[in-house]
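# Observations on the model geometry
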Amino acid sequence: MRRTQIVAGNWKMNKTYQEGRDLVKAIVEKLQPSDNKVVLCTPFIHLNSVAASIKDISNLHLGAQNCHQEMRGAYTGEVSAAMLQSVGAEYVIIGHSERRKYFSESDELLAQKVKTVLGIGLLPIFCCGEELAIREEGTQNQLVKKQLEAALFGLEEEDFAKVVIAYEPVWAIGTGKTATPEQAQEMHAYIRALISEKYGEKRADLTTILYGGSAKPNNAKELFSQPDVDGGLIGGASLKADDFVAIVNSF
Ligand code: PEP
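The structure reproduced in this document is the subject of the present report. Bear in mind that the values here come from a model prediction, so they are computed numbers and not experimental data.

## Regarding the overall build of the protein
In terms of regular secondary structure, the protein is built from twelve helices and eight strands. For a compact globule of 251 residues, the expected C-alpha radius of gyration is about 18 Å, and the protein comes in at 17 Å, within 12% of that figure. Principal-axis analysis of the C-alpha atoms places the extent of the protein at approximately 45 × 45 × 35 Å. Taking all 251 residues of the protein together, the buried fraction comes to 54%. Summing over all exposed atoms, the protein offers an accessible surface of approximately 11600 Å²; the carbon and sulfur share of this is 49%. Here the protein contributes 27 positive and 32 negative side-chain charges, whose respective centroids are spaced 4 Å apart.

## Observations concerning the sheet that holds strand β7 (residues 209-212)
The pairing of strands in a sheet happens through backbone hydrogen bonds and is either parallel or antiparallel. Taking strand neighbours around the barrel as the criterion, the eight strands line up as β1-β2-β3-β4-β5-β6-β7-β8 in a closed arrangement whose pairing is parallel. On average, each strand axis in the sheet is tilted by 25° relative to the strand beside it, whichever way the strands run. Relative to strand β2 (residues 37-41), strand β1 (residues 6-10) runs parallel, the two being bridged by five bridges. Note on β2: the bridge partner recorded for Asn10 is Cys41. Of the strands in this sheet, β5 (123-128) and β6 (164-167) are in contact with helix α7 (residues 140-151), which crosses β5 at around 150°.

## Describing the site of the ligand
Residues in close proximity to the ligand total 14 residues, the closest being Lys12, Glu168, Gly174, Ser214 and Gly236. Contact distances for the ligand include 3.4 Å between an oxygen atom and a side-chain N or O atom of Asn10. The separation between an oxygen atom of the ligand and a polar main-chain atom of Gly174 is 2.6 Å. Broken down by class, the residue content of the shell around the ligand amounts to four nonpolar, eight polar and two charged.

## Concerning the packing of helix α1 (residues 17-30) against helix α12 (residues 241-248)
Each packed pair of helices is defined by two parameters, the angle between the axes and the distance between the axes. The contact between α1 and α12 brings their axes to 9 Å, and the two run at 40°. Our classification of the angle between α1 and α12 gives oblique. Note on packing geometry: the crossing formed by α1 with α12 is right-handed. The residues of α12 that touch α1, namely those facing Leu23, Ala26, Ile27 and Lys30, are Ala241, Asp242, Phe244 and Val245. The residue makeup of the contact of α1 with α12, split by class, is six nonpolar, no polar and two charged.

## Considerations on the side chain of Arg135
Its place among the elements puts Arg135 in helix α6 (residues 132-137). Apart from residues lying up to four places away in sequence, Arg135 is in contact with Glu130, Gln140, Tyr167, Trp171 and Gln183.

## With respect to the packing of aromatic side chains
Applying the stated criterion across every chain yields a total of four aromatic pairs. Here Phe153 and Phe160 contribute two aromatic rings whose centre-to-centre distance is 6.1 Å and whose plane-to-plane angle is 65°, an arrangement assigned as edge-to-face. Exposure class is identical for Phe153 and Phe160. Each is buried. For the ring pair Phe160 and Tyr199, a centre distance of 4.4 Å and an interplane angle of 15° mean the geometry is stacked. With Phe160 in helix α8 (residues 157-160) and Tyr199 in helix α9 (residues 181-199), the pair connects residues that are 39 residues apart, well separated along the chain. Both residues of the pair, Phe160 and Tyr199, belong to the buried class. Taken together through their ring pairs, the aromatic side chains of Phe153, Phe160 and Tyr199 make up a single cluster. Directly above the ring of Phe103 sits Arg99, whose terminal nitrogen or CZ lies 4.0 Å from the centroid. Note that Lys198 overlies the ring of Tyr199, its terminal NZ or CZ placed 5.7 Å from the centroid.

Rules of the game
- Residues numbered from 1 in each chain as written.
- Predicted model: local features only at pLDDT ≥ 70, side-chain atom pairs only at ≥ 80, totals over all residues.
- Heavy atoms only, no water.
- Helix = DSSP H or I, 4+ residues; strand = E, 2+ residues; numbered from the N terminus.
- Rg over C-alpha atoms; globule rule 2.2 N^0.38 Å.
- Buried < 20%, exposed > 50% of the residue type's maximum accessible area, 1.4 Å probe, protein only.
- Areas by Shrake-Rupley, 256 points an atom, 1.4 Å probe, with all protein chains shown as cover.
- Lys, Arg positive; Asp, Glu negative; His and termini not counted.
- Charge placed at Lys NZ, Arg CZ, Asp CG, Glu CD.
- Pairing = 2+ DSSP bridges.
- Axes fitted to C-alpha atoms, helices over the stretch in contact; angles between N-to-C directions.
- Contact = heavy atoms within 4.5 Å.
- Near = heavy atom within 4 Å.
- Polar contact = N/O pair within 3.5 Å; in protein donor to acceptor, adjacent residues only side chain to side chain.
- Nonpolar A, V, L, I, M, F, W, Y, C, P; charged D, E, K, R; others polar.
- Parallel < 35°, antiparallel > 145°, perpendicular 65-115°, else oblique.
- Left-handed = near helix turned anticlockwise from the far one by under 90°.
- Phe/Tyr/Trp six-rings, centres within 6.5 Å; stacked < 30°, edge-to-face > 60°.
- Lys NZ or Arg CZ within 6 Å of the ring centre and 35° of its normal.

Shown next, in the form of C-alpha cells:
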C-alpha cells in the first residue's frame, strides 16, 4: 500500500471572510482531480463556508489550525474539537511552532490535544521541528525525538495510525530559507526510523510525513521527490491559489 500524499495549506491568521471565499473558489477552479489529498487549514471563521465550497471535490479536505484540549466548558475564546467536527473539519494542526512559541504550548499540553482530537475522530497534523540554534548545535534529532516521544509515542498503534506528522524546521518557517532536499530527507528518514522502532516497520512505512518551511512552487518538486517526504504543510504560498495549486501539482 502506498503512503497517502498530502499537501496542506496553513492560512494562519490571514484572509477576511470574503477573501477566504475568493481564495477557495480560485483553488477549486484550478485544482485537477488527483489521488493526492489536499487539506485547507483555515482560521475558525472560514470553516463553515469552506466546507460548503469543497463538499463535491473528493480530494479536498478541511482542517483547523488548533483546538482546545478539553471537550467543552468555561474556556472563553476557545474552540473545541467537537465544534470543529460539527462544521466539517477532518484535520487539526497540533503543535505548530507558532503555537509553541507565542502561546507557550508545551509537549505535555500537545499530548493532551492529540488525545482529544483522536478521541473525537479528527486527524491531527502534528508539527515538530527545531529552532536555528539547535540546528547549529547539531542536536536537531534529539529535539525532534523528544517532541515525538512526548506527544505521540504514548498512543496505541491504532491511534498513532491516524496521525500525520509535519517536520517543520522553525528556521525555515516564513523565512524564505527552505531546508535543502537532503536536510529534509535526512530528518524524515530519521523520524520514520523512530516510528519503526516504536511501532514497527509496517506502520513506519505507512505514516505520512510532510515537510513544512518556505516550500514554494520552485522547490516543492525536489522536496517531494525525496523518498521519505510525502508532501508539504504550506504557509505563505497557500495564500495564493496559483502558487498553492502549483505546489499540489509538484508530485
Ligand atoms: C507553516 O506555517 O506551517 C509554514 C510552513 O509556513 P511557510 O510555508 O510560510 O514557511
